[in-house]
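Commentary on secondary and tertiary structure
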Amino acid sequence: METRFKKSLIGYLLNRRDFVRGSELSSALKVSTKTISRAVRQINQQSGQHGLIEAKRGRGYRLRNPDAVSLGDVGCALGDANIDVSHLSSIERRDEIVKRLLITAPQKYRMSELWGKYYIGDSSMSTDLRSLRLILGRFRLSLERVSGYVWVEGAEADIRRAISSLFVDEGDLANHQFMQPNQSIEQRDAAFVNKQLDLIEELIHAEIPYPYRVNIFTHLYILIERFRRVGSLMEDTSCPEGYGGPEEHSKVMDVCRSVIDNVKMYLDADLPDAEIYYLYQYLTSSRIEGGLSTPAEIPEEVRSATQYLIEQVALDPRYRDIDSRELFSGLAKHMKPLLNRLQNKIKVNNNLLEQIRLEYPHLFRTVQDATKRLEERFGLNHIDGEEVGFITVYFAQAVENLRTPVNILLVCTTGLGTAQLLRSKIERRFSDLNIVETVAIKDIDAVLDMHHEIGLVVSTVGLPESLTMPTLVVSAMLTIEDQERLERMADQVRSGEAGR
Amino acid sequence: MRTIMEWEPDLGKASVDAFEFFDWVIGYLSDLGLVKEPGRLRERLVDREAAGSTLVGANLANPHAQLSEISECLIFYIKLCDPILNWDGRHDVDRILVTLLPEKPDGRDLVRLRMLYRRMADEAFMNVLQSGADTDVQQILLTEGK
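Everything in this summary refers to the structure shown in the same document. As the structure is a prediction and not an experimental result, all values here were calculated from the model.

We now examine the overall build of chain A. What chain A contains, in helices and strands, is 21 helices and 9 strands. Here chain A, with 500 residues, has 35% of them falling under the buried criterion. At a minimum sequence separation of 6, the contacts of chain A that also span at least 24 residues come to 68%.

The following block contains the structure:
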């Protein structure tokens, strides 16, 4: 029997405190009542002496001790043939515990309730507590421990950020396996959130691209799930600093208001106004082409930071010739939401990170070093590897556009006439050709003796047969055909394929 | 640097080829006392054409030579009534910019000449040379590089 089905069954029961009739389970999970009873038998056989699920004739099924079953338990226990979780690695164990603490924060748990089933000693438990404090500290959250109880304390925004960062991956979202064990509720919530994303796109007249759509989806989804778990807490969320500022009445803020109004209606509950601002932070931290701003609206801070980053990367001789102007226009559009993300501590997953590291190892390291200097110079929060990966892609594009300059010698009869005309035309059309000199045909040998860096001789007159290096004769008009021949020849010189 | 312009001059016959045109140019300059060895200049101009087309614009050729028998830099612009057919075997031209340099040109002339050629890469400038009125052509030839 599929583990996934067993997880669904336990997940359904987790959301119901009382007995659930077999017919209801059969209908919700779209299987026969016989399959339900067989699944319950198997789960109970795997889960030890008393069994996880209590079955009563005429009443149905319920979890024997729902509080002792965490979502992590469901996943781990049923992912293996044995309900025994003592085999989990310490990392997996801590993940399960912190997940449970976070999703229901600030609910207090007896330590024995959280750690008891792992059958570990006090020293391992102390190690776990230290590790959990470190993990939570990254999100400005604290793990409190008083009289044998533990719980997580911190701001709602930080709790959600921790949930998003630690437990949500795109695979979960794609497979609808995220947080909410009740499949029907989960799918309904996911569909609702997707509908809100469509609404945002409609209102801002722009598409929200990957990975920002995933981020906003996660934010709204966690908001809903958190409300379902600890709804009463939401009212305590205070307005973040900056809320109510001049941007409050902006178009984006209006969009956020509409979406949060819809969420309120969906949950049939009132949500604090801070939720509008949280969503605003996510939207302004996303690169949405044309939707939220025009290129002319690049703020000075973004300009300076972008320029500084390009300069720092270009300090490396390998990248000093990148077209910084072209790079700037693309990168600045990325940097604007990036700076917002850093300020708002919004993390974006980068699925291509490993590939980027593999393909551009040196460039990635160079960009990473440059971002460290950027952080120091502009007092920014840490730019993590995922963000460095995104930035690296922009530089990689610029590097690919960059071709190694080919040193050329221009020749005409006198070096003063058509070679000068050619010089002007080549300078305007070929940024990757470096004109070393413009000479008379009679002076070629002397100049080549002096300039060994010359890789190609371009002439408007026929050249002596004795020349042993790549040459190209073009018309002084430098026609399109001439330009194409010159480009091909320059490529051959770069690749070492060109001969006389 | 001397600049000369001839607008639709009488070449002695209705249509000429490139070699006949060179003969006319050399005769014209010899009459002005600007060329000491007409034979050598003709040879240089013909050799230059043989080395590669001197076409610099759609209907504009730029035959040129550098030789010791020339005493100063010379720009000679000629607008023809009838085009010279197949100037370089492929293109007709009706405007010709002849450039002659002495073996050791004056430094200021070199700068002017270089400027003139560089400016020829400008579309607007080239349009005047290719199809401009006589006053416009005269204007840019006389002022360019000064």
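Each helix and strand counted, chain B has 5 helices and 6 strands in total. Taken from the N to the C terminus, the helices and strands of chain B come in the order β-α-α-β-β-β-β-β-α-α-α. Looking at chain B residue by residue over its 146 residues, the buried ones come to 35%. Considering only contacts within chain B whose residues lie at least 6 apart along the sequence, 68% involve residues at least 24 apart.

Between chain A and chain B, the contact holds 17 residues from the first and 20 residues from the second. Top element by residues in the side of chain A that touches chain B is helix α19 (residues 418-429) of chain A. It accounts for 6 residues. Taken together, the residues of the side of chain A that touches chain B sort by class into 6 nonpolar, 9 polar and 2 charged.

Okay, the pairing of strand β5 (residues 74-84) of chain B next. All names here are of chain B. Looking at chain direction, strand β1 (residues 2-7) and β5 are connected through 6 bridges and run parallel. Across the sheet, residue Ile4 finds its bridge partner in β5, namely Phe76. Relative to strand β6 (residues 93-101), β5 runs antiparallel, the two sharing 7 bridges. Looking across to β6, one finds that Phe76 is bridged to Val98.

All names here are of chain A. Examined against the element boundaries, Glu54 turns out to sit in strand β1 (residues 53-56). As for Glu54 and Asn44, which are separated by 10 residues in sequence, their C-alpha atoms are 8.7 Å apart. Contacts of Glu54, omitting those with residues within four sequence positions, involve Tyr61, Arg62 and Arg64.

The next subject is the sheet that holds strand β5 (residues 149-153) of chain A. Whenever strands of a sheet pair, they do so through backbone hydrogen bonds, lying parallel or antiparallel. Residue and element names in this part refer to chain A. Pairing is antiparallel across the open sheet formed by 3 strands, whose spatial order is β3-β5-β4. Either end of the sheet is taken by a strand with one partner, and the two such strands are β3 (109-110) and β4 (142-146). Relative to β5, β3 runs antiparallel, the two sharing 2 bridges. Considered in β5, the bridge of Arg110 is made with Tyr149. Here helix α7 (residues 122-137) sits on the sheet in contact with β4 and β5, set at roughly 145° to β4.

Residue and element names in this part refer to chain A. Direction vectors running N to C along helix α14 (residues 300-314) and helix α15 (residues 324-344) enclose 125°, while the axes themselves pass 9 Å from each other. It follows from the interaxial angle that α14 and α15 lie oblique. As for how α14 packs across α15, the hand of that crossing is right-handed. In contact with Glu301, Val302, Arg303, Ala305, Thr306, Gln307, Ile310 and Ala314 of α14, α15 contributes Ser324, Leu327, Phe328, Leu331, Ala332, Met335, Lys336 and Leu339.

Rules behind the numbers
- Residues numbered from 1 in each chain as written.
- Chains lettered and ligands numbered in written order.
- Predicted model: local features only at pLDDT ≥ 70, side-chain atom pairs only at ≥ 80, totals over all residues.
- Helix = DSSP H or I, 4+ residues; strand = E, 2+ residues; numbered from the N terminus.
- Buried ≥ 20, exposed ≤ 12 C-beta atoms within 10 Å, placed from the backbone.
- Contact = placed C-beta atoms within 7 Å.
- Nonpolar A, V, L, I, M, F, W, Y, C, P; charged D, E, K, R; others polar.
- Pairing = 2+ DSSP bridges.
- Axes fitted to C-alpha atoms, helices over the stretch in contact; angles between N-to-C directions.
- Parallel < 35°, antiparallel > 145°, perpendicular 65-115°, else oblique.
- Left-handed = near helix turned anticlockwise from the far one by under 90°.

Any functional reading would require information beyond the geometric quantities listed.
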